[in-house]
Amino acid sequence: MRAAVLAHYGSPDQFVIKAVDTPKPEEGQVLIRNRASSVNPVDVVVRKGAFRLVTGLFNEPIIGCDYCGTVVRSRSSRFKAGDEVFGVLSPADGHAYAEFVVIDGATAVLKPANLSFTEAAITPLTALTAWQSLVVAGGLKAGDHVLINGCTGGVGYMAVQIAKYVGAIVTGTCRGAHMAFARELGCDTVVNYESESIPTDKRYPLIFDAAGRMTWSDTEASLTDEGLLVIIRPHVDNLSSAVTAAVDLTWPRMKLVILQANAPELAMVKGLLERRILKPHVAQTFLLEEIGLAHRRLEEGGFVGKLAIAID
Ligand SMILES: NC(=O)c1ccc[n+]([C@@H]2O[C@H](COP(=O)([O-])OP(=O)(O)OC[C@H]3O[C@@H](n4cnc5c(N)ncnc54)[C@H](OP(=O)(O)O)[C@@H]3O)[C@@H](O)[C@H]2O)c1
């Protein structure tokens, strides 16, 4: 099969398209002809070698988390050949930048019927992260005010749509050029982080930092007395900020969410996608052969929604 392997950890130039052995499914697993993937910031982290003790020191790893394709061989009672499925692999065990992918039958879900392979493939990692952050960890409910920092990025744009579905009142932050998209998503108030601060006239029971930029001290004055800050990436630039982040995380009003692949929650996301309550937004589609370009585009930023990888 064709796969984008990493010749070495490092820059996007290290991706090489190669013929490699097609993996074989074990009991409980499913082999899919993968038709699409996406690029997530964690793929950049893995590409640079942060997980090399797990992804391998001397091999040529295949990475990539999101997948969507057609089952060719099933050793799981949940799926049969011909089923179209989507889901997310853990970053350290991701191997989705390939034509064929073995997945755990317990965590995949049938692809939303109304979406293309690329539209479906950009969704699992970000939608599940947003759901687990806002609803599971954050306890968001109808009528709550929530601030979503980075509301037009991959996780943020799903978070806004989920918060509106729940019935919350949403303030979103983004750069000036993305404010119109933030309003289209349903944000009730949009803050341009380039020129404005978080409003001080309002206090939020929940702040969700979907951008990985906020510390406890950035948000404390904007939270209600019982308010909760949910983060998905500690804001760490240097040793001192690492110490601050570690201390902050001992505080019960701050929670770090790490995505868990979860079939019941992904099935719920599939339902919301089919009802058009959640709408995927593909900013740009790259071919598997262009995976290096896609990684560069992600690192440049400046787009809304997600980058997709089509695997023909
Ligand atoms: N813990 C987990 O399981 C988990 C899961 C998914 C993602 N993550 C992490 O979460 C972060 C976001 O992921 P993503 O997929 O959404 O990335 P993304 O698509 O690249 O989006 C990043 C967002 O950050 C915003 N941003 C950049 N600078 C900002 C600032 N100074 N203030 C406010 N917002 C700012 C961007 O807004 P503009 O485009 O408007 O500038 C954009 O919306 C990444 O660090 C990722 O690794 C963690």
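Only a predicted model underlies this, so the values are computations on that prediction, with no experimental measurement involved. (Residues numbered from 1 in each chain as written. Predicted model: local features only at pLDDT ≥ 70, side-chain atom pairs only at ≥ 80, totals over all residues.)

Caption draft 1: Expanded view of the overall build of the protein chain. Tallying secondary structure elements over the protein chain gives 10 helices and 15 strands in all. On C-alpha atoms alone, the protein chain measures out to a radius of gyration of 19 Å, which is about the 20 Å that the 2.2 N^0.38 rule sets for 312 residues. Dimensions of the protein chain, computed from the C-alpha atoms along their principal axes, are close to 60 × 45 × 35 Å. Expressed as a percentage of the 312 residues in the protein chain, the buried residues total 46%. (Helix = DSSP H or I, 4+ residues; strand = E, 2+ residues; numbered from the N terminus. Rg over C-alpha atoms; globule rule 2.2 N^0.38 Å. Buried ≥ 20, exposed ≤ 12 C-beta atoms within 10 Å, placed from the backbone.)

Caption draft 2: Structural view of the site of the ligand. Close to the ligand lie 28 residues; Gly 150, Gly 153, Gly 154, Ala 211 and Leu 259 are nearest. Broken down by secondary-structure element, the contributors of at least two residues to the shell around the ligand are helix H1 (41–47), helix H4 (124–137), helix H5 (154–166) and strand S9 (169–174). Here the shell around the ligand is built from residues that sort into 12 nonpolar, 13 polar and three charged. Residue contributions to the shell around the ligand reach at least three from each of two domains, namely domain 1 (2–123 + 280–310) and domain 2 (127–256). (Near = placed C-beta within 6 Å. Nonpolar A, V, L, I, M, F, W, Y, C, P; charged D, E, K, R; others polar. Domains from an automatic or database assignment.)

Caption draft 3: The arrangement of the domain arrangement of the protein chain in detail. Assigned domains of the protein chain: these are domain 1 (2–123 + 280–310) and domain 2 (127–256). Between the C-alpha centres of domain 1 and domain 2 the distance comes to 27 Å. Taken residue by residue, the interface counts seven residues in domain 1 and seven residues in domain 2. Residue composition of the side of domain 1 that touches domain 2, by class: two nonpolar, four polar and one charged. (Contact = placed C-beta atoms within 7 Å.)

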